[in-house]
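Reading the structure
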Amino acid sequence: MKAAVVDVLGGGFVLQDVDIAEPAGREVLVEVRASGLCHTDLTVATHAFGDFPPPVVLGHEIAGVVLALGPDAGVFAAGEHVVGCLVQWCGSCPACLDGRVYQCGRPGTTLRDAEREGPRLSRAGRPLTQGMGLGGFAQRALVHENQLTAVPRRMPFAQAALLGCGVLTGAGSVLNGAGVAPGETVAVIGAGGVGLNAVGAARIAGASRIVAVDVQDGTLRRARAFGATDVVNSATTDAATAVRELTGGGVLHAFDMVGVGATTELALRMTALGGGVYVVGLAGSGGDLLLSLPRLLLQQKRIQGLIMGSGNPRRDIPRYADLYLRGRLNLDDLVSRRIALHEVDAGYAALKDPDVSRVVITSF
């Protein structure tokens, strides 16, 4: 099969011939029909980030069709439409049994024993790293069934691919992590693909005021289409003061989708007494935060990191698919561009354009 391979850090994505194994155990072979470009994969491809050494096949926002099943797989059937998710959960640890699969204590159990069974991916007889257990920048993906969720056949593949990461993280942070309730106030710092999903989820939750904060006017205009009641350009104004004035004292929930010390500090400044700050993004640098403990105590604020929107993919992805199909969750406007598998580098270059939310591979 064809796959976009990263051979050296910073060397880009090169289309190559790659061998994929037959499914073993609880593995599922998926024909990839759509694969979204997430910044996390670009970070892994350019820096020593995570345990995914090159040569590696990345891509973790995938949607496709089940082709074949391992002998122990029992969740899906051939022909089903599925979405992949980077959450690797064992299903039997205390966190998984409690429904907190995003906090699984034994995620490595979903990976095959490469020494005994051989690698999932190889090239000229040598193993390739499979990014995040998915490796979706390829024509096919061999995935443990726990990393897949079935979706309705009428769900378009490009939009479905976004459910496993961008939507699960953005919408889940609002609905699961923070538990935003009707009438509450929300600020979202960083209105990219994940931030727009947070804005849309805040609207679904019934938030009375949803303030999008970004440095690009084009991005802020798009945020209004997703449900933002107000927008603030933090490059041209004191965003904390503006948000506090708009909301009469600050928001109850502030989501930092950027993940640097300055944006988390900004989120703290724009929250009301007793408000919560949720760190969702991780920029990779500038991540230190200096806190005034007396101020934190007296203002009774909380700071929480959220991974994958505190999501349970098997529970949440079908919900988000249903919301989309009923016209309540806007995913169509997230798919800004569709590209071919050999255009991954060009796709990531396009994401630098503030008018581009998500780029999705749809031609393999």
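Up top you'll find the structure we're talking about.
All of these numbers come straight from a predicted model, not from anything done at the bench.

Some points on the overall build of the protein chain
When helices and strands are tallied, the protein chain shows eleven helices and 20 strands. The C-alpha radius of gyration of the protein chain comes to 20 Å, within 12% of the 21 Å expected for a compact globule of 364 residues. In terms of overall dimensions, the protein chain has C-alpha extents of about 60 × 40 × 40 Å along its principal axes. Put simply, the protein chain has 364 residues, and 54% of those count as buried. Counting only contacts in the protein chain whose residues sit at least 6 apart along the sequence, the fraction spanning at least 24 positions is 70%. As presented, the protein chain carries roughly 14,900 Å² of accessible surface, and 51% of it is formed by carbon and sulfur atoms. Treating the 32 positive side-chain charges of the protein chain as one cloud and the 33 negative ones as another, the clouds have centres 5 Å apart.

Description of helix α4 (residues 157-177)
Within α4, the axis deviates most sharply at Leu 163, by approximately 60°. Among the 21 residues of α4, 19 are classified as buried, and the element is accordingly described as predominantly covered. A positive backbone phi angle near 60° is found at Gly 179, which sits one or two residues after α4.

Considering unusual backbone geometry
Geometrically, the link from Pro 54 to Pro 55 is a cis peptide bond, its omega value of 0° lying close to zero. Within the fold, Pro 55 resides in the loop between α1 (39-46) and β5 (56-57). Although it is not a glycine, Met 132 adopts a positive phi angle of roughly 60°. Position of Met 132 relative to the elements: it lies in the loop between β10 (129-130) and β11 (140-144). For Met 132, a relative accessible area of 7% gives the class buried.

Notes on the layout of surface pockets
Unoccupied space between atoms shows up once a probe the size of one water molecule is rolled over them. In this model, the second largest pocket occupies a volume close to 390 Å³. Looking at the second largest pocket, it is lined by 18 residues, and the ones nearest its centre are Leu 111, Leu 128, Thr 129, Gln 130 and Gly 133. Looking at the lining of the second largest pocket residue by residue, the classes come out as nine nonpolar, six polar and three charged.

With respect to the sheet that holds β5
Here we have four strands laid out as an open sheet, ordered β2-β1-β5-β10, and mixed in their pairing. Looking at the sheet topology across the chains shown, the edges are occupied by β2 (14-17) and β10. As paired strands, β5 and β10 are joined by two bridges and run parallel to one another. Within β10, the position partnered with Val 56 by the bridge is Thr 129.

Here we look at the pattern of salt bridges
Where charged atoms from two side chains of opposite charge come close, those side chains can pair. One pass over the full model with this rule turns up 15 salt bridges. Of the charged contacts, one joins Asp 322 and Arg 326 as a salt bridge, the two residues approaching to 2.8 Å between their closest N and O atoms. Note that Arg 337 is salt-bridged to Asp 353, the shortest N-O span being 4.0 Å. Here Asp 353 lies in the loop between α11 (344-350) and β20 (358-363) and Arg 337 lies in strand β19 (residues 335-340), a separation of 16 residues in the sequence. Overall, Arg 337 belongs to the partly exposed group, its relative accessible area being 40%. Asp 353 gets classed as partly exposed once you look at its relative accessible area, which sits at 28%. In this structure, a network of salt bridges that share partners links the residues Glu 27, Arg 112 and Arg 120.

Brief notes about the environment of Gln 216
Among the structural elements, Gln 216 can be located in the loop between β14 (209-214) and α6 (217-226). Distance from Gln 216 to Arg 326, taken between C-alpha atoms, is 30 Å for residues 110 residues apart in sequence. Excluding anything up to four places from it in sequence, Gln 216 contacts Asn 233 and Pro 354.

Quick word on the packing of aromatic side chains
The relation between two aromatic rings is expressed through the spacing of the ring centres and the mutual angle of the planes. One pass over the structure, following the stated rule, counts three aromatic pairs. Judged by centre distance (5.7 Å) and plane angle (75°), the rings of Phe 13 and Phe 137 are edge-to-face. Taken as a pair, Phe 13 in the loop between β1 (2-6) and β2 and Phe 137 in the loop between β10 and β11 lie far apart in primary sequence, 124 residues in all. Judged on exposure class, the residue Phe 13 and its partner Phe 137 are both buried.

Thoughts on the sheet that holds strand β8 (residues 121-123)
Spatially, three strands are ordered β3-β8-β9 in an open sheet, and the strand pairing comes out antiparallel. In this open sheet, the two edge strands, each paired with only one partner strand, are β3 (19-20) and β9 (126-127). Relative to β8, β3 runs antiparallel, the two sharing two bridges. Across the sheet, Asp 19 pairs through a bridge with Ser 122, a residue of β8.

Thoughts on α1
Residue pairs spaced three or four apart in an α-helix point in one direction, given the helix's 3.6 residues per turn. Listed as buried for α1 are Asp 41, Val 44 and Ala 45. Take α1 and look down its axis: the buried residues cluster within an arc of 100°, on one side only. The secondary structure elements touched by the buried residues of α1 are β1 and α11.

Topic: a nonpolar patch on the surface
A surface patch of nonpolar side chains, amounting to about 320 Å² of accessible area, comprises Leu 289, Leu 291, Leu 293 and Ile 303. By the secondary structure assignment, Leu 289 is in the loop between β17 (271-279) and α9 (293-298). For Leu 289, a relative accessible area of 31% corresponds to the partly exposed category.

Here's the deal with the pairing of strand β15 (residues 230-233)
Across four bridges, the pairing between β14 and β15 is parallel. When the sheet's bridge partners are listed, Ala 212 is paired in β15 with Val 231. Where the polypeptide runs from β14 across α6 and back to β15, its parallel neighbour, the crossover connection is right-handed.

Calculation rules
- Residues numbered from 1 in each chain as written.
- Predicted model: local features only at pLDDT ≥ 70, side-chain atom pairs only at ≥ 80, totals over all residues.
- Heavy atoms only, no water.
- Helix = DSSP H or I, 4+ residues; strand = E, 2+ residues; numbered from the N terminus.
- Rg over C-alpha atoms; globule rule 2.2 N^0.38 Å.
- Buried < 20%, exposed > 50% of the residue type's maximum accessible area, 1.4 Å probe, protein only.
- Contact = heavy atoms within 4.5 Å.
- Areas by Shrake-Rupley, 256 points an atom, 1.4 Å probe, with all protein chains shown as cover.
- Lys, Arg positive; Asp, Glu negative; His and termini not counted.
- Charge placed at Lys NZ, Arg CZ, Asp CG, Glu CD.
- Bend = angle between axes of the 7 residues up to and from the residue.
- 1 Å grid on protein atoms, 1.4 Å probe; cavity = no way out; pocket = protein on both sides within 12 Å on 5 of 7 lines; lining within 4 Å.
- Points joined across faces, edges and corners; volume = space filled by probe spheres on them.
- Nonpolar A, V, L, I, M, F, W, Y, C, P; charged D, E, K, R; others polar.
- Pairing = 2+ DSSP bridges.
- Salt bridge = Lys/Arg side-chain N within 4 Å of Asp/Glu carboxyl O.
- Phe/Tyr/Trp six-rings, centres within 6.5 Å; stacked < 30°, edge-to-face > 60°.
- Arc of directions from axis to C-beta.
- Patch = residues over 30% accessible without salt bridge, like charges linked within 9 Å, V, L, I, M, F, W, Y side chains within 5 Å.
- Right-handed = clockwise from strand over helix to strand, strands pointing away.

Read these as layout, nothing more, since geometry by itself doesn't imply function.
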